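# Topology and contacts: notes
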Amino acid sequence: MGAQKVHVRHLTRPVVLAVIILVITAQHYLTGVSHENLALHNIHYLLYFLPILMAALWYGLLGGALMAVLVSILYAPVVFGPVGHRVFGSGIEKALELVLYNVVGWVTGILSERERREREQYRRTAEELQRAYQKLHEQTDLIVEKEEQLRRAERLSTLGELAAGIAHEIRNPLASIKGTAEILQDPATPDRKRAEFLHVMVEEANRLNAVVANFLELARFKRLHCEQAGVNDLLWRMLQIAEFQLTRKNIAVRTHLMPELPEPSLDVGQMEQAILNVLLNAIGSMPDGGTLTLSTCLDQTNGSRKIRIEIADTGAGIAAEHLPHVFEPFFTTKSDGTGLGLSIVKRILNAHGGSVEIASEAGQGTRVTLTVPLDSETGG
Ligand SMILES: Nc1ncnc2c1ncn2[C@@H]1O[C@H](COP(=O)(O)OP(=O)(O)OP(=O)(O)O)[C@@H](O)[C@H]1O
Ligand SMILES: [Mg+2]
């Protein structure tokens with residue numbers, strides 16, 4: 001069916017050309033030339049351009065040139081015959097008309113071929129572009145896939161590190177619980193020592209409990225349940241919770257809370273936990289008193305609106321060599337710390353599409369900056 005259709009289409013053009021030539025030539029010959037029908041003759045002359053132009057457009061230079069020759073042959077006898085000679089005289093003008101047929105056939109043929117070549121060139125360029133685009137697409141897919149593999153590998157290695165960390169954190173208190181239990185088993189241990197060792201056991205068990213609880217907090221993927229919430233109110237609530245420790249350690253509190261701060265979308269419970277972790281670190285760094293400064297503001301740089309919370313202390317600060325490690329799980333400089341506090345803060349802020357930064361100098365104090373985006377959908 002398809003091949004037949006192509007065949008028919010190939011035949012249509014020659015048939016159309018043949019019919020046109022036949023009709024014009026029949027008219028031309030039947031009418032002939034005389035002084036009375038010169039106008040009609042001129043129309044036939046012009047009509048002959050039609051098949052020349054069509055052949056040139058359809059078949060290029062060869063088509064145009066051949067059709068011009070054919071038309072010249074068909075046109076000439078009447079014009080240059082005895083009657084024509086009588087009407088047109090020497091016939092130089094008529095010979096020029098024949099030349100014009102040929103010039104038009106050639107020029108149109110050349111132009112049509114050039115146009116066809118350009119069209120072909122464009123088609124090929126478009127095809128190449130399409131291929132290049134396809135290749136780019138495939139390469140992008142490959143890069144995305146590799147990135148995903150890399151992320152998976154990273155997740156696995158982080159998981160491995162975490163597992164090693166927790167094993168270490170659990171083994172130490174377990175060893176000391178076992179050691180003290182063995183001492184208690186010994187009947188020779190004096191009673192006053194027994195109370196002391198029991199106290200150590202309880203302390204170590206508490207520590208174990210804290211490690212496991214914090215680790216679960218960090219590792220468990222908690223969905224965010226977000227609501228519009230005021231950050232300033234949240235900070236006041238956390239200060240109230242810490243009030244006892246602040247007073248006991250003689251820590252002064254300063255607040256620079258921006259009034260009428262827009263309310264971001266927050267998981268209030270998780271954000272309270274993040275802020276409390278930062279506050280407890282700050283309080284822990286000022287055992288002999290100091291100043292705790294809480295500030296909030298609206299950050300509108302880079303075209304996006306964020307809420308910035310700063311918690312600064314005048315405590316011990318962080319040694320330069322420790323600073324790059326403070327967000328690592330289990331990194332701690334405290335005898336009773338789990339080293340998971342800041343890891344949890346980071347996870348919570350990241351889940352909100354925000355960030356946490358820490359700046360510190362040993363002996364000078366520490367400033368923790370939390371940013372929460374305002375106009376964005378938080379992951380849930
Ligand atoms: N405000 C701060 N001042 C001084 N050091 C800090 C401060 N915040 C964090 N650090 C340092 O970073 C370490 C890691 O902090 P992180 O909160 O993760 O764990 P931690 O406080 O040691 O343990 P936990 O949070 O379980 O009590 C701390 O041990 C401490 O060395
Ligand atoms: Mg902490």
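Per an unreviewed UniProt entry, the protein carries the name histidine kinase and comes from Candidatus Abyssobacteria bacterium SURF_17. Its UniProt record gives the protein a comment under Catalytic activity (unreviewed entry), which states: "ATP + protein L-histidine = ADP + protein N-phospho-L-histidine." Here is the UniProt Subcellular location (unreviewed entry) comment for the protein, exactly as written: "Membrane".

A few words now on the site of ligand 1. Taken together, 19 residues are adjacent to ligand 1, and Thr332, Thr333, Lys334, Thr338 and Leu342 come closest. A distance of 2.4 Å separates an oxygen atom of ligand 1 from a polar side-chain atom of threonine 338. A distance of 2.8 Å separates an oxygen atom of ligand 1 from a polar backbone atom of leucine 342. Contact with the protein chains hides 89% of the accessible area of ligand 1, taken as 590 Å² for the molecule alone. Among the secondary structure elements, those contributing two or more residues to the shell around ligand 1 are helix H8 (268-284) and helix H9 (341-351).

This part is about the environment of glutamine 228. Along the chain, glutamine 228 turns up in strand E1 (residues 227-228). Residue classification places glutamine 228 among the exposed positions, given a relative accessible area of 55%. A sequence separation of 107 residues divides glutamine 228 from glutamine 121, and the C-alpha atoms of the two residues are 60 Å apart. Excluding anything up to four places from it in sequence, glutamine 228 contacts Glu263, Pro264 and Ser265.

We now examine the pairing of strand E4 (residues 290-299). Taking burial as the measure, the 10 residues of E4 include 7 buried ones, the bulk of the element. When strand E2 (residues 251-257) meets E4, the two strands line up parallel, connected through 7 bridges. Counted as the bridge partner of isoleucine 251 is glycine 290 from E4. Turn length for the E4-strand E5 (residues 306-313) hairpin, with the two strands adjacent in sequence and antiparallel, is 6 residues, and the turn residue asparagine 302 shows positive phi of about 60 degrees.

Next up on the list: the UniProt feature "coiled-coil region" (unreviewed entry) in the protein. UniProt records the feature "coiled-coil region" (unreviewed entry) at residues 112-156, using the numbering of this structure. Along residues 112-156 the backbone is 100% helical and 0% strand, and the end-to-end C-alpha distance reaches 65 Å.

Quick look at the nonpolar core now. Ranked by internal contacts, the top residues of the largest apolar core, which has 46 residues, are Ile275 and Leu292. Built from parts of two domains, this core gets at least three residues from each of domain 2 (160-219) and domain 3 (227-373). Those residues in contact with isoleucine 275 that sit more than four places away from it in its chain are Leu234, Leu235, Met238, Ile309, Ile311 and Leu370. Tyr48, Ile52, Phe88 and Leu98 belong to the second-largest nonpolar core, a separate cluster that totals 22 residues.

As a further point, take the packing of aromatic side chains. A complete count under the given rule lists 8 aromatic pairs for this structure. Ring centres of phenylalanine 215 and phenylalanine 330 lie 6.1 Å apart, and the angle between their planes is 15 degrees; on these two criteria the pair is classed as stacked. Here phenylalanine 330 lies in the loop between E5 and H9 and phenylalanine 215 lies in helix H6 (residues 191-219), a separation of 115 residues in the sequence. Phenylalanine 330 carries the same exposure label as phenylalanine 215, and that label is buried. Taken together, the ring pairs in this structure connect Tyr45, Tyr48, Phe49, Tyr75 and Tyr101 into an aromatic cluster. Here the basic side chain of lysine 346 rests over the ring of phenylalanine 327, its NZ or CZ set 5.5 Å away from the ring centre.

What counts and how
- Position numbers for residues count from 1 along each chain, tracking the sequence in the order it is written.
- All chains are assigned letters beginning at A, and all ligands numbers beginning at 1, according to the order in which they are written.
- Confidence filtering applies because this is a predicted model: local features only for residues at pLDDT of at least 70, side-chain atom pairs given and counted only at 80 or more, and all residues used for totals across whole chains, interfaces and linings.
- Calculation of side-chain values draws on the structure's entire complement of heavy atoms; hydrogens and water are dropped beforehand.
- UniProt positions are given in the numbering used here, feature names are shortened, and annotations may be inferred rather than shown by experiment.
- Here a residue is considered near a molecule or strand provided that any single heavy atom belonging to it is located within 4 Å of it.
- Throughout this description, a polar contact denotes any pair of N or O atoms lying within 3.5 Å of each other; where both atoms belong to protein, one of them has to be capable of donating a hydrogen while the other can accept it, and for residues adjacent in sequence the pair is counted only when both atoms sit in side chains.
- Method for areas: the Shrake-Rupley scheme with a 1.4 Å probe, in which residue coverage is limited to the protein chains shown.
- In DSSP terms, a helix is any run of H or I states spanning at least four residues, a strand is any run of E spanning at least two, and both are numbered starting from the N terminus.
- Exposure is judged per residue with a 1.4 Å probe applied to protein chains only, and the accessible area is read against the type maximum: over 50% gives exposed, under 20% gives buried, and values in between give partly exposed.
- Residues count as neighbours in contact if any of their non-hydrogen atoms are within 4.5 Å of one another.
- Here, strands pair whenever DSSP counts at least two bridges between them.
- By nonpolar core is meant a set of buried Ala, Val, Leu, Ile, Met, Phe, Trp, Tyr and Cys residues that side-chain atoms within 4.5 Å join together.
- A domain assignment, automatic or from a database, supplies the domain bounds used here.
- For Phe, Tyr and Trp, rings pair up if their centres lie within 6.5 Å, where Trp contributes its six-membered ring, and each pair is then called stacked (planes under 30 degrees apart), edge-to-face (over 60) or tilted (otherwise).
- Both a distance and an angle decide whether a charge sits over a ring: NZ of Lys or CZ of Arg must be within 6 Å of the ring centre and within 35 degrees of the ring normal.

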